Amino acid sequence: MANESAKQPLLSGLLDPPKYPQKNTTTKRKRFLRSKSAPSVDILLGPTEVGGTFPDSKLNSIYFRPSLKQVVLYLVIYLGTGAACFYLVKDQLSGKKTNGVLDAIYFSIVTMMTVGYGDLVPNSVTTKLLASVFVFTGMAIVGMLLSRAADYLVEKQEMLLYKALHMRSKGGEAHMLKQIETNKVKYKFYTTAVILVLLITIGTVFLWKVEKLDFVDAFYCVCSTITTLGYGDKSFSTGGGRAFAIFWIVTSTVCVAQFFLYLAELNAEHRQKLLAKWVLTRRMTFVDLEAADLDDDGVVGAAEFIIYKLKEMGKISEEDIALVMEEFEDLDIDQSGTLSAADLVLAQSNR
């Protein structure tokens, strides 16, 4: 191992090191062996809690994506509980009624999706308190479960949409998967838009033919429903209509939410690409050269240039680099400036 004095600082000048109380810890100095002008930092490590490898259970809790079975189970529990509660107090609901059980489920759906037609309303203290509890519970289910399940189902349809849009283009499955991954947000947006148009069409035709509304009134009712306005002057009033609404309201309102979510993501992605293009195509100035020269040796190496450009694009921050370097310091047991299998074995044994 080279002497400590012969080592170049790793990422010096990139960020101000955090100040921790000194507890018999020594400053680790490392070399970035791939580039002599490599950026580098001296991180004063504070007391850290060393954990093991990331368990699958922790990973699943952070990146939780419910399966379709889980979503159905939660919905059944919510609707079953809601239907039972509102059926027991059906006489305390005022408005146009059809069937006791059907009305209870329909009222639970309208409450969960915050449509609030007003065709069925609670008119007692008990039903008002129940409705208040179920509206917050329903919003939690929509926000935490249904939207993620919808995102999962949209991803399943991306390949079909890509095939439909590129029927005559040549290329294998690997090329298709690469294109989908590159333009993931765009294809999600297109897929959701197609599904949304289909749901609007189905809902309008159903209200027109089954509920006997004028075509304009049917379209108006669909729009006020899927945007959760729920004016209440037009709604599902027949038994068949409410049975249809139980499924249609859930899918259409969630689809609208996903549509505007993907639209916002698409806009943000477009702005990020424009920024990246501007950063990569503009001429490098002497000011940029000085800013990118992190170790002040008069030249900019590849690592320094990459880090400077990534920071300029907003891809990384000084805090990100500090966290990554802290992890590197913990794994580099022999303080050689590189990681090896021996380092990993020693690091695991220390944990």
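These numbers come from a predicted model, not from an experiment. Chains are numbered independently. Their residues run from 1 in the order of the written sequence. A pLDDT threshold of at least 70 governs which residues receive local features in this predicted model, and a stricter bar of 80 or more applies before side-chain atom pairs are shown or counted, although totals over entire chains, interfaces and linings include all residues. Computation of side-chain values: all heavy atoms of the structure, hydrogens and water removed.

### Comments concerning the overall build of the protein
Selection rule: Each helix is a run of DSSP H or I of at least 4 residues and each strand a run of E of at least 2, with the numbering of both proceeding from the N terminus. Each residue gets one of three labels from its accessible area relative to the maximum for its type: buried under 20%, exposed over 50%, partly exposed in between, using a 1.4 Å probe on protein chains only. Throughout, a residue-residue contact means that at least one pair of heavy atoms, one from each residue, lies within 4.5 Å. Residue exposure ignores everything except the shown protein chains as possible cover, and the areas themselves are Shrake-Rupley values with a 1.4 Å probe.
Broken down by element type, the protein carries 12 helices and 2 strands. Ordering the α and β elements of the protein from the N terminus gives α-α-β-α-β-α-α-α-α-α-α-α-α-α. Out of the 351 residues in the protein, the part that is buried amounts to 35%. Partitioning the intrachain contacts of the protein with sequence separation of at least 6 by distance along the chain shows that 69% fall at a separation of at least 24. For the protein, the computed accessible surface area is about 21000 Å², with 63% contributed by carbon and sulfur atoms.

### Focus on the packing of aromatic side chains
Any two aromatic rings considered together are summarised by their centre-to-centre distance and by the angle between their planes. The following threshold applies: Any two rings among Phe, Tyr and Trp, with Trp reduced to its six-membered ring, count as a pair given centres within 6.5 Å; such a pair is stacked if its planes are under 30 degrees apart, edge-to-face if over 60, and tilted if neither.
A full pass over the atoms with the stated rule returns 13 aromatic pairs. Plain terms: the ring middles of phenylalanine 206 and phenylalanine 244 are 3.9 Å apart, the flat faces sit at 15 degrees to each other, and that makes the pair stacked. One end of the pair, phenylalanine 206, is in helix 6 (residues 184–209); the other, phenylalanine 244, is in helix 8 (residues 239–281), with 38 residues separating them in the sequence. The two residues phenylalanine 206 and phenylalanine 244 agree in class, both being buried. Through a chain of ring-to-ring contacts, three or more aromatic side chains come together here, namely Tyr117, Phe206, Phe236, Phe244 and Trp248.

### Section: the nonpolar core
General note: in soluble globular proteins, nonpolar side chains tend to be found buried as a group. In plain terms, the rule: Only buried residues count toward a nonpolar core, which is a set of Ala, Val, Leu, Ile, Met, Phe, Trp, Tyr and Cys residues joined through side-chain atoms within 4.5 Å.
With 45 residues, the main nonpolar core has Ile109, Met112, Met113, Tyr117, Phe236, Trp248 and Ile249 as its most contacted residues. Going through the elements one at a time, helix 2 (68–88), helix 3 (100–112), helix 4 (125–165), helix 6, helix 7 (215–226) and helix 8 are the ones with two or more residues in this core. Among the elements that make up this core, the one with the highest residue count is helix 8 (11 residues). With residues up to four places along the chain from it excluded, the contact list for phenylalanine 236 reads Tyr106, Tyr117, Asp119, Phe206, Leu207, Glu211, Gly241, Arg242, Phe244, Ala245 and Trp248.

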